[in-house]
Amino acid sequence: MDAEDSGEMRVIADYKGCQSSPKNGKGSCGSQAGQGDLPSEIWHKVKNHPCYSEEAHHHYARMHVGVAPACNIQCNYCNRKYDCANESRPGVVSEKLTPEQAVKKMLAVATRIPQLTVLGIAGPGDALANPKNTFKTFELIARAAPDIQLCLSTNGLDLPDHVDTISRYKIDHVTITINMIDPEIGARIYPWIFFNHKRYSGIEAAKILTIRQLQGLEMLTQRGVLCKINSVMIPGINDQHLIEVNKAVKSRGAFLHNIMPLISAPEHGTAFGLKGQRGPTAQELKALQDACEGQINMMRHCRQCRADAVGLLGEDRSGEFTTEKVMAMDVQYDLEARKVYQARIEDERAANIATSEELAELAGEMSEINLLAAVATKGSGLINEHFGHAREFHVYEISTSGVKLVGHRRVDVYCQGEYGEEDRLASIIRAINDCHAVFVAKIGGCPRDILINAGIEPVDQYAHGSIEKSAIGWFRDYLHKIKSGEILHVKRGEAAIPQELLISVA
Ligand code: CLF
Ligand code: SF4
């Protein structure tokens, strides 16, 4: 059957993943995917998955178990030998686990983190280059914890050989990393692949890889499996080409596209790191994601997790669950208690989402202004982090269409106990210099003044309030001040901060 003719595949492709809002009918990753948006079987798979629903990621956690050490290809951005506790990137893991250890760890995590909803296998090699361990782990998890959703991430080379097993094990979410559909570009990303007992290199290797990836994607979507495509944006190599990749995966039924920035530094020992290949800036990444928007839903909240990550996206609690600690833990998987806890989360979640009346009032403001705001948050959809404690800022685009998450910016923590680090403040300002405002639970006098001088309004009046509702309230005030002439709207861009200011705070 031609994949394009598959009704089921079209059903998945037609829906806009995490980005469709039931309230304003407009794609918005910052708003919540709603029951009214999606067929119930898809909604059920998406609603509590922190990667497939931006709104869910404020509330629900995932964990990875590192049961798949081997890989069947080499990417120029990967070096699995390197591990640093402070480093968070795919392919990295502190401990490799057996399937039995993985199950014990999952039960331990679910006991202590009841908002855990998803177990993923994302390496540290390739899940499907280690099929025995991967499927054994999924089998044991499904038996021990039937409410946990299973998620698998693969480079796709061996995918066509495993689609039936994936369906049989009810693995409802599969991520395929697709960085190219043009083998000439692929040859610059992949030095070799190992396929059918033989090593291939160059264009020949990339050709086999792209055929297998796209074939695997079609086969999965025909079977109703939700597929997310991860693509690594490598400036000068595949950045513009990813627009073609986006179209190709959309036409094959992918549900979500996640374009991630290349992480590259010489100390990682990767081929790209050693040759000085740079990653994209936050602005370049956003521009590419924006260019792809409309073709398919774009994931904007990925944190490029380690292969043993535990917790909410953006936090990593893997250190609390080392094999030694897990083996000593008293573990009780209480399905009923988990249901009760998650019902409370659902109440909290509903209370933090803007109502249709609030969105309608916002839409009635009739303004073309569209701006960015940074938010310090620890989760739950609230502005609940101090400026000085933030390790990252969520960046939201606000317009009369609503509030939409468009990315996050990692920063070094400003507050160092008794004092703030001035050079860190300068780098934070650089990281969010395209934002008009920064929403925080609290901020000290010194960073407040410097932010104001840099043209970024520190906003603490909504401390511990809902991000979405607060952003709407602030934006409406902002528009009223513009209309009354009290302030002037100034567009912000990369060059928004006066250079003298950066030098004076650095
Ligand atoms: Fe893990 Fe990936 Fe499943 Fe999520 S991560 S296997 S889909 S449960 Fe999520 Fe992490 Fe980004 Fe992956 S934030 S790197 S997209
Ligand atoms: Fe590394 Fe994953 Fe690429 Fe394998 S597929 S080389 S584990 S990034």
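To keep things clear, this report deals only with the structure shown in the data block. On a predicted model such as this, the values are computed, not experimentally measured, just so you know. Note on numbering: residues in each chain are counted from 1, in written sequence order. To label them, take the chains in the order written and letter them from A, then take the ligands in the order written and number them from 1. Confidence filtering applies because this is a predicted model: local features only for residues at pLDDT of at least 70, side-chain atom pairs given and counted only at 80 or more, and all residues used for totals across whole chains, interfaces and linings. Think of the side-chain values as coming from all heavy atoms in the structure, minus any hydrogens and water.

Next up on the list: the overall build of the protein chain. Secondary structure follows DSSP: runs of H or I at least 4 residues long count as helices, runs of E at least 2 residues long count as strands, and numbering of each begins at the N terminus. Secondary structure assignment for the protein chain yields 17 helices and 18 strands. When accessible area is computed with a 1.4 Å probe and restricted to protein chains, residues below 20% of their type maximum are described as buried, those above 50% as exposed, and intermediate ones as partly exposed. Taking all 506 residues of the protein chain together, 57% fall into the buried category. Only heavy atoms matter for contacts: two residues are in contact if any of them lie within 4.5 Å across the pair. For the protein chain, contacts bridging at least 24 residues in sequence account for 73% of all contacts bridging at least 6. Accessible area of the protein chain: about 20,500 Å², with a carbon and sulfur share of 50%. Computed with the Shrake-Rupley method and a 1.4 Å probe, the accessible areas treat only the protein chains shown as cover for residues.

For each residue, the test is whether any non-hydrogen atom lies within 4 Å of the molecule or strand; if one does, the residue is near. Within the structure, ligand 2 sits among Cys71, Ile73, Gln74, Cys75, Tyr77, Cys78, Arg80, Pro124, Gly125 and Asn155. Throughout this entry, Asp, Glu, Lys and Arg are counted as charged residues, while Ala, Val, Leu, Ile, Met, Phe, Trp, Tyr, Cys and Pro are counted as nonpolar. The remaining residues, Gly among them, count as polar. Per-class residue counts for the shell around ligand 2 are six nonpolar, three polar and one charged.

Our next topic: the sheet that holds strand β12 (residues 371-375). Taken together, five strands build an open sheet; the order of strands is β14-β13-β12-β17-β18 and the sheet is mixed. Each edge of the open sheet carries a strand with a single partner, namely β14 (402-410) and β18 (457-459). Adjacent strand axes in the sheet meet at a mean angle of 25 degrees, parallel and antiparallel pairs treated alike. For two strands to pair, DSSP has to find at least two bridges joining them. Of the strand pairs in this sheet, β12 and strand β13 (residues 392-399) are connected by five bridges, and their pairing is antiparallel. Opposite alanine 373, over in β13, you have tyrosine 396 as the bridge partner. An axis is simply a line fitted to the C-alpha atoms; with a helix, the fit covers only the stretch in contact. Between two such axes, the angle follows the N-to-C directions and lies from 0 to 180 degrees.

We now examine the packing of helix α13 (residues 356-363) against helix α16 (residues 467-484). Here α13 crosses α16 at 25 degrees, and the two axes come no closer than 11 Å. Judged on the interaxial angle alone, α16 and α13 are roughly parallel. Two packed elements cross with a definite hand, and for α13 against α16 that hand is left-handed. Contacts from Glu358, Leu359, Glu361 and Leu362 of α13 reach α16 at Lys469, Ile472, Phe475 and Arg476. Tallied by class, the residues present in the contact of α13 with α16 amount to four nonpolar, no polar and four charged. These descriptions rest on fixed angle ranges, namely under 35 degrees for roughly parallel, over 145 for roughly antiparallel, 65 to 115 for roughly perpendicular, and the rest for oblique. Left-handed describes a crossing whose near helix is turned anticlockwise from the far helix through less than a right angle; right-handed describes the clockwise counterpart.

On to the pairing of β12, then. Walk down a regular strand and you will see the side chains alternate between the two sheet faces. Counting buried residues in β12 gives five out of five residues, a clear majority hidden from the surface. Every second residue of β12 is oriented toward a common face, with Leu371, Ala373 and Val375 on one face and Leu372 and Ala374 on the other, all of them buried. Note: β12 against strand β17 (residues 437-439), three bridges, orientation parallel. Bridge pairing in β17 links alanine 373 to alanine 437.

Of all residues adjacent to ligand 1, which total 15 residues, the nearest are Cys51, His64, Cys151, Cys302 and Cys305. In terms of residue class, the shell around ligand 1 is made up of seven nonpolar, five polar and three charged.

The nonpolar side chains of a soluble globular protein tend to be buried with one another. To qualify as a nonpolar core, a set must consist of buried Ala, Val, Leu, Ile, Met, Phe, Trp, Tyr and Cys residues joined through side-chain atoms within 4.5 Å. Ranked by internal contacts, the top residues of the largest apolar core, which has 56 residues, are Met106 and Leu119. At seven residues, the largest contribution of residues to this core is made by helix α3 (residues 99-112). Excluding residues within four positions of it along the chain, leucine 119 makes contact with Met63, Val65, Met106, Phe138, Ile141, Ile148, Gln149, Leu150 and Cys151. Listed in part, the 35 residues of the second largest apolar core include Met180, Tyr200, Leu256 and Met299.

Let us now look at the packing of aromatic side chains. Here the aromatic set is Phe, Tyr and Trp, taking the six-membered ring for Trp, and pairing holds for ring centres within 6.5 Å; pairs whose planes are under 30 degrees apart are stacked, those over 60 apart are edge-to-face, and all others are tilted. All told, the structure shown has seven aromatic pairs when counted by the stated rule. Centre to centre, the rings of tyrosine 52 and phenylalanine 255 are 6.2 Å apart; their planes meet at 25 degrees, and the pair counts as stacked. Of the two residues, tyrosine 52 is situated in the loop between α2 (40-46) and β1 (61-64) and phenylalanine 255 in the loop between α8 (242-251) and β9 (256-261); the sequence distance between them amounts to 203 residues. Taken as a pair, tyrosine 52 and phenylalanine 255 share a single burial class, namely buried. Cluster of aromatic residues (ring-pair linked, three or more members): Phe439, Tyr462, Trp474 and Tyr478. Positioned over the ring face of tryptophan 192 is arginine 199, at 4.3 Å from the centre of the ring. Only when the NZ of Lys or the CZ of Arg is both within 6 Å of the ring centre and within 35 degrees of the ring normal is a charge said to sit over the ring.

Another aspect to go through is the packing of α3 against helix α4 (residues 131-144). Across the interface, α3 lies against α4 with an axial gap of 9 Å and an inter-helix angle of 40 degrees. Relative to α4, α3 is oriented so that their crossing is right-handed. Contacts from Pro99, Glu100, Ala102, Val103, Met106 and Leu107 of α3 reach α4 at Asn133, Lys136, Thr137, Leu140, Ile141 and Ala144.

A word on the layout of surface pockets. Taken as a whole, the second largest pocket encloses approximately 490 Å³ of empty space. With a 1 Å grid laid over protein atoms only, a set of points is called a cavity when a 1.4 Å probe fits there but cannot get out and a pocket when it is open yet has protein on both sides within 12 Å along at least five of seven lines; lining residues have an atom within 4 Å of a point. What lines the second largest pocket is a set of 21 residues, among which His44, Pro146, Asp147, Ile148 and Gln149 lie closest to the centre. Among the elements of the structure, α2, β4 (149-154) and α12 (335-352) are those that each provide at least two residues to the lining of the second largest pocket. The element contributing the most residues to the lining of the second largest pocket is α12, with four residues. A breakdown of the residues in the lining of the second largest pocket according to their chemical character gives seven nonpolar, six polar and eight charged. Grid points are joined across faces, edges and corners, and a volume is the space filled by probe spheres set on the points.

The buried fraction of strand β5 (residues 173-177) amounts to five of the five residues, a majority that puts the element mostly inside the structure. Where burial is concerned, the two faces of β5 agree: the one with His173, Thr175 and Thr177 and the one with Val174 and Ile176 are both buried. Pairing of β4 with β5 involves four bridges; the strand directions are parallel. Bridging from a neighbouring strand, cysteine 151 pairs with histidine 173 of β5.

This next bit is on helix α7 (residues 202-222). Between its first and last C-alpha, α7 extends 31 Å over 21 residues, near the 30 Å set by a 1.5 Å rise per residue. Taken together, the buried positions of α7 are Ala205, Ala206, Ile208, Leu209, Thr210, Arg212, Gln213, Leu214, Gly216, Leu217, Leu220 and Thr221. Once α7 finishes, glycine 224 follows within two positions and takes phi at roughly 80 degrees, a positive value. For a helix, the expected span equals 1.5 Å multiplied by the residue count minus one.

Across the sheet, three strands lie side by side as β2-β6-β7; this open sheet has antiparallel pairing. The open sheet has two edge strands with one neighbour each: β2 (73-74) and β7 (198-201). Sheet contacts for α7: β2, β6 (192-195) and β7; angle to β7, the most-contacted strand, approximately 105 degrees.

Purely geometric numbers; function is a separate question.
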